[in-house]
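Inside the fold
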Amino acid sequence: MVRPAIGLEVHLHLKTRTKMFCGCELAYGDAPNTHVCPVCLGLPGSLPVANREAVEKGLLLALALGCAIPERTQFHRKNYFYPDLPKNYQISQYDRPIGTNGALLLGEKRVRIRRIHLEEDAGKSLHPEGADATLVDLNRAGAPLVELVTEPDLESPEEAREFLRRLQAVARTLGVSDASPEEGKMRADVNVSLRGPDGKLGTKVEIKNLNSFKSVQRALEYEIERQRKILERGGVVEQATLGFDEKSGKTFVMRTKETESDYRYFPEPDLVPFAIARDWLEALKAQMPELPAERADRYVAAGVRRYDAEILAYDLELAPFFDEALKTGADPQKLANWLNADVKGYLTQRGVALSATGLTPENLARLVRLVESGTITGRVAKEILPEVMEGADPERIVEERGLKAVTDEGALRELVAKVVAENPKVVEQIKAGKTKAINALLGQVMKATRGTAPPDLVRRLLEEAIGG
Ligand SMILES: [Zn+2]
């Protein structure tokens, strides 16, 4: 079986007031070319000045991902012609990025981050329908970006998607980027090659400009299959840069790849290299909020299984809710189970946000306690969840509708005896060794009690009534 080796290149729009090298405000959605100046228009004689806020936000992300931060950093010119890049070069970083050798954890797996660097975005070309012209909007030209490059440590399309989701959570927690793919503020290029039986990596193919996490997963699934088929035929995968067609779900060749020398990188002469003072870094570290990875550790320490802890910690909607629910003193693992399974299921099914429901941390804790204390069965709890999600107090529902668990063993014993007497065939099957048939009887008792009979107790009583 050939294992894929997947690497990602992610661009995040930094959430700053102004552009990377000029004072133009960042304004998404404003009229075209209303936020431009001589610097971002690339007019002769204009000089760039690095945006301190952008550098700080880039550094925060690098620190959060455990990168090594160099003593000095520097900007380079990356030369290429693009109609929406007026200077004909992009100011980027080359051999002195702001961060190197970081990592993001996916459970036990450490996905290495090779580098993080700062650069500026290009403008946008618009192709009005029916018009024989291309228009250019330079509002985005010069917008600050951070580019992050991973090592090819990811081994499946799902892992690549999960990496992006977690990176998004980190960026949003830090407040350095909205990281919203739907607004173009988070874009990913992926590279993928298949490892042969000898463990060696095959030819690397790059897929450019994927604008949603789902596209990343789909494009990778398609491309891995395509390469696998070529290799199985004994063919050779050609090095290329591919695009991904959302409609057909297929990749297509855009161009054979430029080599690095095509870009003619050279130091940006208008921006001197600058030192990153250690006390500046310390000050940035001091303002860092609790990161999702730290939050996951805190949940584990509180008694939540690692798997559930990570799902919650990287879900920026559920995590604050879970924190409030923890304060009630209800069982942490039980709360996590409800949130990750039933509550999430409810939200996904209806396509609503948690904040749009009436669920409160207190009511969820009450529900957990009702089950824990044996006051209601798990089945009743699941049944009343939709009402609790609409804001109802679970204790009141249970009280009003008499949904408390049956604790009167005598009454249950009678009901069990009746069900056993009415189903001689099933009883015979059970006695003949088909022990699973007992579930049919269990179901009947549960139905007769509207789910209020504790299943373990009913099972024991059934076994006693049927005997050996
Ligand atoms: Zn400008």
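Residues numbered from 1 in each chain as written. Predicted model: local features only at pLDDT ≥ 70, side-chain atom pairs only at ≥ 80, totals over all residues. Heavy atoms only, no water.

It is worth spelling out the overall build of the protein chain at this point. When helices and strands are tallied, the protein chain shows 15 helices and 15 strands. The C-alpha radius of gyration computed for the protein chain amounts to 29 Å, which surpasses the reference 23 Å derived for 468 residues by more than 25%, pointing to a less compact arrangement than a globule. Overall, the C-alpha framework of the protein chain stretches about 95 × 55 × 50 Å when taken along its three principal axes. In the protein chain, buried positions account for 48% of the 468 residues. When contacts within the protein chain are restricted to residue pairs at least 6 apart in sequence, those whose partners lie at least 24 apart make up 68%. Per element, the accessible surface of the protein chain, about 23300 Å² overall, is 51% carbon and sulfur. Averaging the positions of the 66 positive and the 70 negative side-chain charges in the protein chain gives two centres separated by 3 Å. (Helix = DSSP H or I, 4+ residues; strand = E, 2+ residues; numbered from the N terminus. Rg over C-alpha atoms; globule rule 2.2 N^0.38 Å. Buried < 20%, exposed > 50% of the residue type's maximum accessible area, 1.4 Å probe, protein only. Contact = heavy atoms within 4.5 Å. Areas by Shrake-Rupley, 256 points an atom, 1.4 Å probe, with all protein chains shown as cover. Lys, Arg positive; Asp, Glu negative; His and termini not counted. Charge placed at Lys NZ, Arg CZ, Asp CG, Glu CD.)

With that out of the way, let us pick up the sheet that holds strand S14 (residues 266–267). One open sheet holds the 3 strands; their spatial order is S4-S3-S14, and the pairing between them is antiparallel. With one partner strand each, in any of the chains shown, strand S4 (89–92) and S14 form the two edges of the open sheet. Taken together, the 4 bridges between strand S3 (residues 76–79) and S4 define a ladder with antiparallel strand orientation. Across the sheet, lysine 78 pairs through a bridge with glutamine 90, a residue of S4. (Pairing = 2+ DSSP bridges.)

The next subject is the coordination of the zinc ion. Within the protein, Cys22 (SG), Cys24 (SG), Cys37 (SG) and Cys40 (SG) serve as the donor atoms for the zinc ion, at 2.3 to 2.4 Å. Each of the 4 donor atoms bound to the zinc ion contributes to angles spanning 100 to 114°, and the resulting shape is tetrahedral. For cysteine 22, a relative accessible area of 13% puts it in the buried group. (Donors = N, O, S within 2.8 Å, 3.2 Å for Na, K, Ca; no water. Tetrahedral: all angles 85-135°; square planar, octahedral: opposite > 155°, others 65-115°.)

Moving on, we get to the pairing of strand S5 (residues 99–106). Within a regular strand, side chains alternate between the sheet's two faces. Inspection of the sheet shows S5 paired to strand S6 (residues 109–120) by 7 bridges, in the antiparallel sense. By the bridge assignment, leucine 105 is partnered in S6 with arginine 110. Linking S5 back to S6 in an antiparallel pair, the connection comprises 2 residues, with glycine 107 at a positive phi of about 65°.

As a further point, take the pattern of salt bridges. Scanning the entire structure with this criterion turns up 44 salt bridges. One salt bridge connects aspartate 121 with arginine 187, and the closest N-O pair in it is separated by 3.3 Å. Here the residue aspartate 121 occupies a position in the loop between S6 and strand S7 (124–126), and arginine 187 occupies one in strand S10 (residues 186–195), the gap between them amounting to 66 residues. Assigned by exposure class, aspartate 121 and arginine 187 land together as buried. Between aspartate 178 and lysine 185 there is a salt bridge whose closest N-O contact spans 3.0 Å. The class of aspartate 178 is partly exposed, set by a relative accessible area of 24%. (Salt bridge = Lys/Arg side-chain N within 4 Å of Asp/Glu carboxyl O.)

A word on the domain arrangement of the protein chain. Looking at the assigned domains, one finds that the protein chain contains domain 1 (3–283), domain 2 (304–401) and domain 3 (409–466). Taking only C-alpha atoms into account, the centre of domain 1 sits 62 Å from that of domain 3. (Domains from an automatic or database assignment.)

Checked against the element boundaries, lysine 78 lands in strand S3. Those residues in contact with lysine 78, other than ones at most four positions away along the chain, are Tyr89, Gln90, Ser92, Tyr263 and Tyr265.

Moving on, we come to the environment of cysteine 24. Of note, cysteine 24 is situated in the loop between strand S1 (3–13) and helix H1 (52–64). The exposure class assigned to cysteine 24 is buried, which follows from its relative accessible area of 9%. Put simply, cysteine 24 and glutamate 56 are 32 residues apart on the chain and 18 Å apart in space, counted from C-alpha to C-alpha. Not counting residues within four places of it along the chain, the set of residues in contact with cysteine 24 comprises Arg17, Thr18, Lys19, His35, Val36, Cys37 and Cys40.

All right, on to the packing of aromatic side chains then. With the rule as written, the count across this model stands at 7 aromatic pairs. Ring plane angle 65° and centroid distance 5.9 Å describe the contact between tyrosine 80 and tyrosine 263, whose orientation is recorded as edge-to-face. With tyrosine 80 in the loop between S3 and S4 and tyrosine 263 in the loop between strand S13 (250–255) and S14, this residue pair connects regions lying 183 residues apart in the sequence. In this structure tyrosine 80 comes out as partly exposed when scored by relative accessible area, which is 23%. Both rings, one in tyrosine 299 and one in phenylalanine 322, keep their centres 4.7 Å apart while their planes meet at 85°; by these two values the pair is edge-to-face. With tyrosine 299 in helix H5 (residues 292–301) and phenylalanine 322 in helix H7 (residues 318–326), this pair connects stretches of sequence that are 23 residues apart. When its relative accessible area of 0% is taken as the criterion, tyrosine 299 is described as buried. Under the relative-accessibility criterion, phenylalanine 322 is labelled buried at 0%. Three or more aromatic residues joined by ring pairs form one cluster here, namely Tyr80, Tyr82, Tyr94, Tyr263 and Tyr265. (Phe/Tyr/Trp six-rings, centres within 6.5 Å; stacked < 30°, edge-to-face > 60°.)

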